2 protein chains.
Amino acid sequence: MNRPVPSALRAALGEDRLARAAWSRLAEPGDVAAARLVAEVGATLALEAVVTGRGPERWRTRLEDVDPAGDVAAVRAAGGRLVVPGDEEWPAGLADLDVDATGERPLGAPFCLWVRGPARLGDVAARSAALVGSRAATAYGQHVTAELAVGLAERGFAVVSGGAFGIDAAAHRAAVAVEGTSVAVLACGVDRSYPPGNAALLARLARTGALVSEVPPGSTPTRWRFLERNRLIAALTRGTVVVEAAWRSGALSTADRAERLHRPVGAVPGPVTSPASAGCHRLLRERGAVCVTSAPEAAELLGELGQEVLTAPAVEQRPFDGLDREELRVAECLPRRTGADLDRLARDSGLDAGAVQALLGRLELSGHAVRSDGGWRRAAGV
Amino acid sequence: MNRPVPSALRAALGEDRLARAAWSRLAEPGDVAAARLVAEVGATLALEAVVTGRGPERWRTRLEDVDPAGDVAAVRAAGGRLVVPGDEEWPAGLADLDVDATGERPLGAPFCLWVRGPARLGDVAARSAALVGSRAATAYGQHVTAELAVGLAERGFAVVSGGAFGIDAAAHRAAVAVEGTSVAVLACGVDRSYPPGNAALLARLARTGALVSEVPPGSTPTRWRFLERNRLIAALTRGTVVVEAAWRSGALSTADRAERLHRPVGAVPGPVTSPASAGCHRLLRERGAVCVTSAPEAAELLGELGQEVLTAPAVEQRPFDGLDREELRVAECLPRRTGADLDRLARDSGLDAGAVQALLGRLELSGHAVRSDGGWRRAAGV
């Protein structure tokens, strides 16, 4: 059964980095069996089993295409790097993808990550938010996305999303505009621009944030890879906020992955008349997602409780604010002009005279009631 | 201590109906001490204790104003009636107001209800929804309110709300337009129109649905009475849906009362940029309200689960719908024109040839794949 080893693979049999790079081409993203094999025996031994024909036939189909050293050279040529477990910047949270805590099957950690850009992945993952949503975003969705991205970036959160039009692009653009760290996780190689219309934006992220992928340079995006990419967005962040999503939307799969990884999920509500918000409302109704309406609320979702005081929006002060129930009853009965006597106030308020007298004393102290004509009336301006 | 009995009260000392009518003028709505006294010793004995001076001084302040027979005559003159516990139409659910299940103090059942209109209160309460919200409603809020009211009315639910401008009026108008039962619970006497601008609408409800109040004819609305009125809206319905509410809004107090009565609470989301929806989002975030976006969802909130199938909005069918994960991986690799052989499909999909063959068989059966040129390609139209 010992088959000849393709020359491009010889070096990989002795080096974990190259073996992982090889696996990223041999197996599709989210191939849990491959992830488990690599986790159990290590990337090099697992690779050797495939190469020599002692392992499952399944991963042999692409052996001839594998050239890990060539892929590393290609990512370097694009100004990028290969990041593997054990590297200082490898995000610890990715290990959650190999855990089977919920009784469901694990999602499968990536063998390695191909990265372009100055952002260090470990730092990103330690303080980051996934902002995801539909390609077919409305002006409302893009506006709210920008508000959230700016607010999170200003609070020191990295913004993580895909590279698509719509919500993804709106999130990156807004984060970049305030010099925040923005990271796009791609379903194709980090040396490619998909969709081409976002080429300039992706190039910008490669200069100031990061482009990340688990498939090697040159790889094409497929629907399968987009789906599996979503688990990386979820795993690389402290929580996921879905800003706008149709009833069926890829963004819901990111929310699903986040939930399975025990990361908090938030959803931004919108008009119930807008199909672009139907998926968000579905998350609120069916999945217990947290309703997120502002950047401070998004930060709270990500665990920032207590670091900033969540304040109610400024509201008009009303004259009777702060009164207790019985004080309110008496205050309401106070005439504006001519004073009323105790008996009348007792009758009008439905309280006995003794109680009314005590309450009037408190209302006088709080500036709501004044004595007048031997009786009581409302203070001016109340 | 035996004081003279005012002549207007003599008959009430011997008759529960009149005694309850008297209490509705003696004590303010939500006066829990009075409600408890009446519940414990009965309305007539409790009244006698007050009249003779053996009871607390507190409720004596209005004794001179009490004329229950006069109030009954007044409500009759307005085409209405007095409804008391024991009457066939008395809603059983009002008893929840006297229960202290949550450890909080009870809310206080009304002594009686003053009613105008053909709707029978017991029937209303058995199948009804509170639709409440801000006076300062937006066009969006009014539109959604109308959708909900019509959908609920068509499902046989009575719509219950206040009598205010904005959401209240929009709910009544829409329910009435489809000949549904609509009920306004007022903070003033049912013979009065408040606000005056809604006089025609309230008159319409008095002809086709009902106007309900716990304060006797002629009573003026006060802030206190509006607040306590909200507990009646909550208690007279199977659940409360807040359609639009500012961060601070009376509608939130209705939701709070519903929650304390263990009635389900729903909130309609809206744009996060709209202050008119801030209270609804607050209910979703802080109070665990259910996100309600349509009449079927409102009906489900009210316990209609299973009586109608909740369907997802009609969505575009996509070619790969219904495929499992591995089928999708192979289907994506199928060329559109020239057939591909097993080896190529295995390599492209990252699966072994045996698995690909089995999957192709399933894809052929499901109409996704066809044999071509000794290989396989996508079926036309897929």
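Here the structure is a predicted model, which means the values were calculated and not measured.

Here's the deal with the relation of the copies chain A and chain B
Placing chain A over chain B gives an RMSD of 0.1 Å and needs a rotation angle of 180°, together with 0.1 Å of translation along the axis. The operation mapping one copy onto its partner corresponds to a two-fold rotation axis. Distance from the rotation axis, computed per C-alpha, reaches its smallest value in chain A at Gly270 of chain A: 2.3 Å.

Let's talk about the pairing of strand β7 (residues 240–244) of chain B
Residue and element names in this part refer to chain B. Most of β7 sits inside the fold, with 5 of its 5 residues counted as buried. As paired strands, strand β3 (residues 128–133) and β7 are joined by 4 bridges and run parallel to one another. Its bridge partner being in β7, Leu131 is matched across the sheet by Val241. Regarding topology, helix α10 (residues 250–260) serves as the crossover connection from β7 to the parallel strand β8 (residues 265–267), and that connection is right-handed.

Notes on the sheet that holds strand β2 (residues 113–116) of chain B
Residues and elements named next belong to chain B. One open sheet accounts for 9 strands, arranged β1-β2-β6-β5-β4-β3-β7-β8-β9; its pairing is mixed. With partners counted over all chains shown, the strands left at the sheet margins are β1 (80–83) and β9 (290–291), one partner each. Sheet topology places strand β4 (residues 158–161) next to strand β5 (residues 182–185); 3 bridges connect them, and they run parallel. From the neighbouring strand, Ser161 faces β5, where its bridge partner is Ala184. Sheet strands touched by helix α4 (residues 68–77): β1 and β2. Its angle to β1, the strand with the most contacts, is close to 135°.

What about the packing of aromatic side chains?
Residues and elements named next belong to chain B. Tallied over the entire structure, the rule returns 6 aromatic pairs over all chains. Ring geometry for Trp23 versus Trp59: centroids 5.5 Å apart, planes at 75°, classification edge-to-face. Taken together, the residues span a long stretch of sequence, with Trp23 in helix α1 (residues 16–26) and Trp59 in the loop between α3 (43–51) and α4 at a distance of 36 residues. A relative accessible area of 3% places Trp59 in the buried class.

A few points about the nonpolar core
In this structure, Val212 of chain A together with Val212 of chain B are the most contacted members of the largest nonpolar core, which totals 76 residues. Contact partners of Val212 of chain B, with chain neighbours within four places excluded, come to Leu113, Trp114, Val115, Leu121, Val183, Ala184, Val185, Leu186, Val190 and Leu236 of chain B.

Considerations on the UniProt feature "domain: DprA winged helix" (unreviewed entry) in chain A
Mapped onto the present numbering, the UniProt feature "domain: DprA winged helix" (unreviewed entry) falls at residues 319–375 of chain A. Along residues 319–375 of chain A, the helical share is 53% and the strand share 9%, with 21 Å between the first and last C-alpha atoms.

Details of the side chain of Glu214 of chain A
All names here are of chain A. Turning to its location among the elements, Glu214 is positioned in the loop between β6 (210–213) and α10 (223–235). On the basis of relative accessibility, which here comes to 8%, the residue Glu214 falls in the buried class. A polar side-chain atom of Glu214 sits 2.7 Å from a polar atom in the side chain of Arg231. With sequence-adjacent residues up to four places away left out, Glu214 is seen in contact with Ser24, Pro29, Gly30, Pro110, Cys112, Leu113, Trp114, Glu228, Arg231 and Leu232.

Concerning the interface of chain A and chain B
Taken together, the contacts link 56 residues of chain A with 55 residues of chain B. Carbon and sulfur atoms supply 56% of the area buried between chain A and chain B, which totals about 4,900 Å² over both sides. Of all residues in chain A, the largest losses of buried area upon contact with chain B belong to Trp224, Arg248 and Arg285 of chain A, amounting jointly to 16% of the total for that side. Across the salt bridge formed by Arg285 of chain A and Glu300 of chain B, the nearest N and O atoms sit 3.1 Å from each other. The interface formed by chain A and chain B includes 20 residue pairs in polar contact (both at pLDDT 80 or more). A per-element tally of the side of chain A that touches chain B places helix α14 (residues 325–333) of chain A first, with 5 residues.

About the criteria used
Residues numbered from 1 in each chain as written. Chains lettered and ligands numbered in written order. Predicted model: local features only at pLDDT ≥ 70, side-chain atom pairs only at ≥ 80, totals over all residues. Heavy atoms only, no water. Least-squares fit on C-alpha atoms with pLDDT ≥ 70 in both. Buried < 20%, exposed > 50% of the residue type's maximum accessible area, 1.4 Å probe, protein only. Helix = DSSP H or I, 4+ residues; strand = E, 2+ residues; numbered from the N terminus. Pairing = 2+ DSSP bridges. Right-handed = clockwise from strand over helix to strand, strands pointing away. Contact = heavy atoms within 4.5 Å. Axes fitted to C-alpha atoms, helices over the stretch in contact; angles between N-to-C directions. Phe/Tyr/Trp six-rings, centres within 6.5 Å; stacked < 30°, edge-to-face > 60°. Core = buried A, V, L, I, M, F, W, Y, C linked by side-chain atoms within 4.5 Å. UniProt positions renumbered as here; feature names shortened; annotations may be inferred. Polar contact = N/O pair within 3.5 Å; in protein donor to acceptor, adjacent residues only side chain to side chain. Buried area = accessible area lost by both parts, 1.4 Å probe. Salt bridge = Lys/Arg side-chain N within 4 Å of Asp/Glu carboxyl O.

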